[in-house]
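# Reading the structure
Each chain, written out:
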Amino acid sequence: MITFMLKATIALLIFYAFYRLFLMKERMFGFNRFFLIFALCFSLMVPFLQVPFSFHIGEDLFPEKVPAAFSNEISSGNDTSPPQRWQQGKVEAPLPAQSDTVVPWNTLLMGIYLSGLFFFLVRFIIQLVQLMRMIRNNLTLKANDCTYVLLRENTLPFTFLHFLFVDNASFQHKTIEKEILFHELTHIRQRHSWDILFVEVLKVVFWFNPVFLLYKKAMQLNHEFLADAAVIAEFRNKAAYQWLLFHKISGNEATLSISSPFNFSGTKRRLIMMGQSSSYLKTMMFKSISVIVAGFLLVFLSSGQSSFERTQQNHTVNDYEQILASAFKEGNPFELELNKLDLPALRSAYLSMDEQEKQKSTSFPFFDALAFEKLEALQQAYPEVKTNIYFVRPPDKMKIQDDVFERWKKTRKISFTIDNREIEKAEIENYQPADFAKFTVRETEAGGLFKKSTYSVTLMTHDYYDEKYYQSRKTVHSIEAEYPNDFRVQVDYWLKQAAKIEGKLPRFIPPNFEASIFHELRVIDPVQLYKEIKKPTKYDSSKSFPIAIFAGEGKPILFMKLPTI
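No experiment lies behind these values; they were computed from the predicted model shown. (Residues numbered from 1 in each chain as written. Predicted model: local features only at pLDDT ≥ 70, side-chain atom pairs only at ≥ 80, totals over all residues. Heavy atoms only, no water.)

### Points about the pattern of salt bridges
Tallied over the entire structure, the rule returns 16 salt bridges. Where lysine 282 meets glutamate 26, a salt bridge forms, and the shortest distance between an N and an O atom there is 3.2 Å. Placement of lysine 282 in helix H11 (residues 280-301) and of glutamate 26 in the loop between helix H1 (2-21) and helix H2 (29-45) is noted, with a sequence separation of 256 residues between them. Among the residues examined, lysine 282 registers a relative accessible area of 36% and is labelled partly exposed. (Salt bridge = Lys/Arg side-chain N within 4 Å of Asp/Glu carboxyl O. Helix = DSSP H or I, 4+ residues; strand = E, 2+ residues; numbered from the N terminus. Buried < 20%, exposed > 50% of the residue type's maximum accessible area, 1.4 Å probe, protein only.)

The structure is reproduced here in structure tokens:
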């Protein structure tokens, strides 16, 4: 919403500045009327338009995320509910909510907006009702082009839709100048009221944006230019009409903002415009430039991609890995501290990669819209909830004893495989025990009374070990949250990958698995759960996921399941 309003306002201001500086000074009133309406419609639509060649402005100008102080409240309306007790598969009652002094900015801002919307909507309706009452409470006279409303009070003529409001006495005695009546009839014939109604509705919806007031005044003045031009073309006495216009400036003007009064302010500008002339070449040039301005705004303010895929920054795979690396615990590249992670930058870098790059990079399978939203909310819960994401660790390096290595070399029925490549037995002489980081020994054929066993030794060099376990793609193993009183909750995320490999993903991994994990880790109270649940509770696997609760170091004190969101 913030991005939409910023882009729409920028477009509106650029269009309006172009109109004020160039178009307003030229006698091209019909085009100007179209331009102003087009500018309003186009500016409100351009943030949603998609073009494949757009150039996106950076996120610093158009932030997709709210400030950190707001995000804990705005991230999700569902997350504001207190923790719940789960026992015997049913919700009993909410756990005591922790004290929270964060201002509910989303509720506050929405309340302010709705209050303003209600006020301006009521004001708009009141003006419509006042006009309807004038029509209903006064004499009306239908004519070919309009319906006259004969008012009792002395006022200058004004129009609304097809109604022309005039002073009854002046109308009956035919003292209203023909030029004035023709001026007002022009408003009706050209349907100027619909333009005003359109911008009034926009003013109600976007009451907080003063740009729409500028557009309304520009529209009303351009309507007067159109009506003045029609009068001069009909009566061909410019001087007399200018004198009449000047003479009527101090007349009683209608107070309703949605009507079109004869002596609308801007008389000086109207008098100047009556003597203005514009060349065909000049008007065509400005029309062409207006198309270029619209094209410029389309390229620079359109979405170009879906809103979720808008990356705006040209990240590379290295950017993605570096952002992750900055959040790993010092000295441990397999334990990520969530509070250190720049989540918006990480998502932007991830979305900028192609599918092949994503498959090779470190796994971080939490960019689904709902999961990412809950993950950001969990991050905001720090330091009350300290969350770490653990990646699959490589196996410990092994040391080969010298005497064991010598026995291998002397064994007759033995084969060697080094770095996934089978070698000749004689080639093992080129190696030392310290050259290897890992080994396994298997008996491939059992021995008998007169037959010796056959063995296979698989060896892994340090370079191959580093390439396989440190330079290859890391995958998430588990997610752990630490709470006050030294309680911890752990979720084994590797279960999802195991279920996927075995083809049991739909059965054992519930929908919204990641989002549910992050949501529950943020809102649960493990101490309360441990006190109230005396034995494991069985849940439907398709609607729950398992957790382990720890108290300090050591083994888990409780295994249980939590429901998905």
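Once you've had a look at it, read on.
### Here's the deal with unusual backbone geometry
The step from tyrosine 382 to proline 383 runs through a cis peptide bond, and the omega angle for that step is 10 degrees. By secondary structure assignment, the location of proline 383 is in the loop between helix H15 (369-380) and strand S10 (386-391). At arginine 236, a residue that is not glycine, the phi angle is positive and equals roughly 55 degrees. Relative to the assigned elements, arginine 236 resides in the loop between helix H8 (211-235) and helix H9 (238-247). The exposure class assigned to arginine 236 is exposed, which follows from its relative accessible area of 73%.

### A word on the side chain of serine 170
Along the polypeptide, serine 170 turns up in helix H5 (residues 168-172). When near neighbours in sequence (up to four residues on either side) are disregarded, serine 170 contacts Thr175 and Ile176. (Contact = heavy atoms within 4.5 Å.)

### Some remarks on the confidence of the model for the protein chain
Across the protein chain, the average pLDDT comes to 83, with 82% of residues at 70 or higher. Across residues 56-100, confidence stays below pLDDT 50; counting only partners more than four residues off in sequence or on other chains, it has 99 contacts. Predicted confidence is poor over residues 305-315, with pLDDT under 50, and the contacts of this stretch with residues over four places away or in other chains come to 30 contacts. (pLDDT = per-residue confidence, 0-100.)

### Here we look at helix H10 (residues 267-274)
Taken residue by residue, H10 has Thr267, Arg270, Met273 and Met274 as its buried positions. Along the long axis of H10, the arc covered by the buried residues comes to 125 degrees, so they all point the same way. For H10, the elements touching its buried residues are H2, helix H6 (178-189), H8 and H9. (Arc of directions from axis to C-beta.)

### Focus on the packing of aromatic side chains
Across all of its chains, the model carries 42 aromatic pairs by this definition. Taking the centre distance of 5.5 Å and the plane angle of 65 degrees together, the rings of tryptophan 408 and phenylalanine 439 count as edge-to-face. Of the two residues, tryptophan 408 is situated in helix H16 (residues 402-410) and phenylalanine 439 in strand S13 (residues 436-445); the sequence distance between them amounts to 31 residues. Side by side, tryptophan 408 and phenylalanine 439 carry an identical accessibility label, which is buried. Taken together, the ring pairs in this structure connect Phe15, Phe18, Tyr19, Phe22, Phe31, Phe34, Phe35, Phe38, Phe42 and Phe286 into an aromatic cluster. Between lysine 474 and the ring centre of phenylalanine 334, over which it is positioned, the NZ or CZ distance is 4.9 Å. (Phe/Tyr/Trp six-rings, centres within 6.5 Å; stacked < 30°, edge-to-face > 60°. Lys NZ or Arg CZ within 6 Å of the ring centre and 35° of its normal.)

### Here we look at the sheet that holds strand S12 (residues 421-423)
One open sheet accounts for 4 strands, arranged S12-S11-S14-S13; its pairing is mixed. Strands with a single pairing partner mark the edges of an open sheet, and in this sheet they are S12 and S13. Averaged over neighbouring strand pairs, the angle between their axes works out to 25 degrees when direction is ignored. Bridge analysis of strand S11 (residues 414-418) against strand S14 (residues 454-461) gives 5 bridges, and the strand direction is parallel. For phenylalanine 416, the partnering residue across the bridge sits in S14 and is valine 457. Along the sheet face, H16 touches S11, S13 and S14 and points at about 45 degrees away from the line of S13. Lying over the sheet, helix H17 (residues 462-469) contacts S13 and S14, oriented at roughly 70 degrees with respect to S14. (Pairing = 2+ DSSP bridges. Axes fitted to C-alpha atoms, helices over the stretch in contact; angles between N-to-C directions.)

### Observations concerning the sheet that holds strand S15 (residues 476-483)
Taken in spatial order, the 7 strands line up as S8-S9-S10-S15-S16-S17-S18 in an open sheet, and their pairing is antiparallel. Of all strands in the sheet, those bounded by a partner on one side alone are strand S8 (328-329) and strand S18 (558-563). Pairing analysis gives 6 bridges linking strand S17 (residues 544-551) to S18, with the strands arranged antiparallel. Within S18, the residue paired with proline 546 across the bridge is lysine 561.

### A few points about H2
Between the first and last C-alpha of H2 there are 24 Å, a value that for 17 residues agrees with the 24 Å anticipated at 1.5 Å per step. Regarding H2, the residues found buried are Phe29, Phe31, Asn32, Arg33, Phe35, Leu36, Ala39, Leu40, Phe42, Ser43 and Leu44. The secondary structure elements touched by the buried residues of H2 are H1, helix H7 (192-205), H8, H10 and H11. (Expected span 1.5 Å × (residues − 1).)

### What to know about a nonpolar patch on the surface
Nonpolar side chains collect at one region of the surface, where Ile14, Phe296 and Phe300 lie side by side and expose about 240 Å² of accessible area between them. Turning to its location among the elements, phenylalanine 296 is positioned in helix H11. (Patch = residues over 30% accessible without salt bridge, like charges linked within 9 Å, V, L, I, M, F, W, Y side chains within 5 Å. Areas by Shrake-Rupley, 256 points an atom, 1.4 Å probe, with all protein chains shown as cover.)

### Quick look at the environment of glutamate 234
Among the secondary structure elements, glutamate 234 is positioned in helix H8. The exposure class of glutamate 234 is partly exposed, given its relative accessible area of 48%.

### A short note on the packing of helix H12 (residues 317-325) against helix H13 (residues 343-352)
Contact pair H12 / H13: the axes reach a minimum separation of 8 Å and the direction vectors enclose 155 degrees. As summarised for this structure, H12 and H13 are arranged roughly antiparallel, according to the angle between their axes. Relative to H13, the crossing made by H12 is left-handed. Contacts between H12 and H13 pair Tyr320, Ile323 and Leu324 from the former with Ala345, Leu346, Ala349 and Tyr350 from the latter. Tallied by class, the residues present in the contact of H12 with H13 amount to 7 nonpolar, no polar and no charged. (Parallel < 35°, antiparallel > 145°, perpendicular 65-115°, else oblique. Left-handed = near helix turned anticlockwise from the far one by under 90°. Nonpolar A, V, L, I, M, F, W, Y, C, P; charged D, E, K, R; others polar.)

### Observations concerning the pairing of strand S6 (residues 163-167)
For S6, the tally of buried residues reaches 5 of 5 residues, placing the bulk of the element in the interior. Going residue by residue along S6, you find Phe163, Phe165 and Asp167 tucked away on one face and Leu164 and Val166 tucked away on the opposite face as well. Sheet topology places strand S4 (residues 147-151) next to S6; 5 bridges connect them, and they run parallel. Paired with leucine 150 across the strands is valine 166, a residue of S6. Here strand S5 (residues 158-160) pairs with S6 via 3 bridges, running antiparallel. Across the sheet, the residue bridging to phenylalanine 160 is phenylalanine 163, located in S6.

### A closer look at the nonpolar core
Membership of the largest hydrophobic core comes to 47 residues, with the highest contact counts inside it found for Leu341, Phe364, Phe366, Ile517 and Leu521. Those residues in contact with leucine 341 that lie beyond four places of it in its chain are Ile323, Leu324, Ala327, Leu336, Leu346, Phe364 and Gln379. Core analysis: the next-biggest nonpolar cluster, separate from the first, contains 39 residues, Phe15, Leu36, Val46 and Val199 among them. (Core = buried A, V, L, I, M, F, W, Y, C linked by side-chain atoms within 4.5 Å.)

### Observations concerning the environment of arginine 421
Its location among the elements puts arginine 421 in strand S12. Exposure remark for arginine 421: the relative accessible area of 42% places this residue in the partly exposed category. C-alpha of arginine 421 to C-alpha of threonine 458: the two residues are 37 residues apart in sequence and 9.1 Å apart in space. The residues contacting arginine 421, other than those within four sequence positions of it, are Phe416, Glu427 and Tyr431.

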